[in-house]
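So the chains spell out like this:
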Amino acid sequence: MDYLDKVLEKLKEWARKLIETLLGPEPEPEPEPELIPIPVNDPQRRQHR
């Protein structure tokens, strides 16, 4: 059984290398942009309430 485990591990390693070669390395998730609140000074909106 130890032999089969080694063969399976090698197959997984080769598959991972093949995928990386074809598609490139796994992309790292981009950090979410930080949202900045923008104050709005609109006197017309206050009058319609």
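Look above for the structure.
This write-up is about the structure you can find in this document. (Residues numbered from 1 in each chain as written. Predicted model: local features only at pLDDT ≥ 70, side-chain atom pairs only at ≥ 80, totals over all residues. Heavy atoms only, no water.)

## A look at the overall build of the protein
The following threshold applies: In this text, helices come from DSSP runs of H or I with a minimum length of four residues, and strands from runs of E with a minimum of two, each type numbered from the N-terminal end. Classification of residues uses two cut-offs on accessible area relative to the type maximum, computed with a 1.4 Å probe and protein chains only: under 20% is buried, over 50% is exposed, and between them is partly exposed. Per-residue and other accessible areas follow the Shrake-Rupley method at a 1.4 Å probe size, with only the shown protein chains counted as cover for residues.
Check the secondary structure of the protein and you find 2 helices and 0 strands. When each of the 49 residues of the protein is scored for burial, the buried share is 0%. Roughly 5900 Å² of accessible area belongs to the protein as shown, and the carbon and sulfur atoms make up 59% of that amount.

## Here's the deal with the pattern of salt bridges
Side chains that differ in charge, positive against negative, can pair when their charged atoms come close. For clarity, the cut-off: In what follows, salt bridge is the name for a side-chain nitrogen of Lys or Arg lying within 4 Å of a carboxyl oxygen of Asp or Glu.
Here the structure, examined in full by the defined rule, presents 2 salt bridges. Note that Lys6 is salt-bridged to Asp2, the shortest N-O span being 3.9 Å. Highlighted residues: Lys6 and Asp2, both in helix H1 (residues 2-23), separated by 4 residues, approximately one helical turn. Among the residues examined, Lys6 registers a relative accessible area of 53% and is labelled exposed. Looking at Asp2, the relative accessible area reads 53%, which means it is exposed. Where Glu13 meets Lys17, a salt bridge forms, and the shortest distance between an N and an O atom there is 3.4 Å. One end of the pair, Glu13, and the other, Lys17, are both in helix H1, 4 residues apart, so they sit about a helical turn from each other.

## Description of H1
Operational definition: Helices are assigned an expected span. That span is 1.5 Å times one less than the residue count.
For H1, spanning 22 residues, the distance from its first C-alpha to its last is 32 Å, which sits close to the expected 32 Å at 1.5 Å a residue. Just downstream of H1 lies Gly24, where phi reads positive at about 90 degrees.

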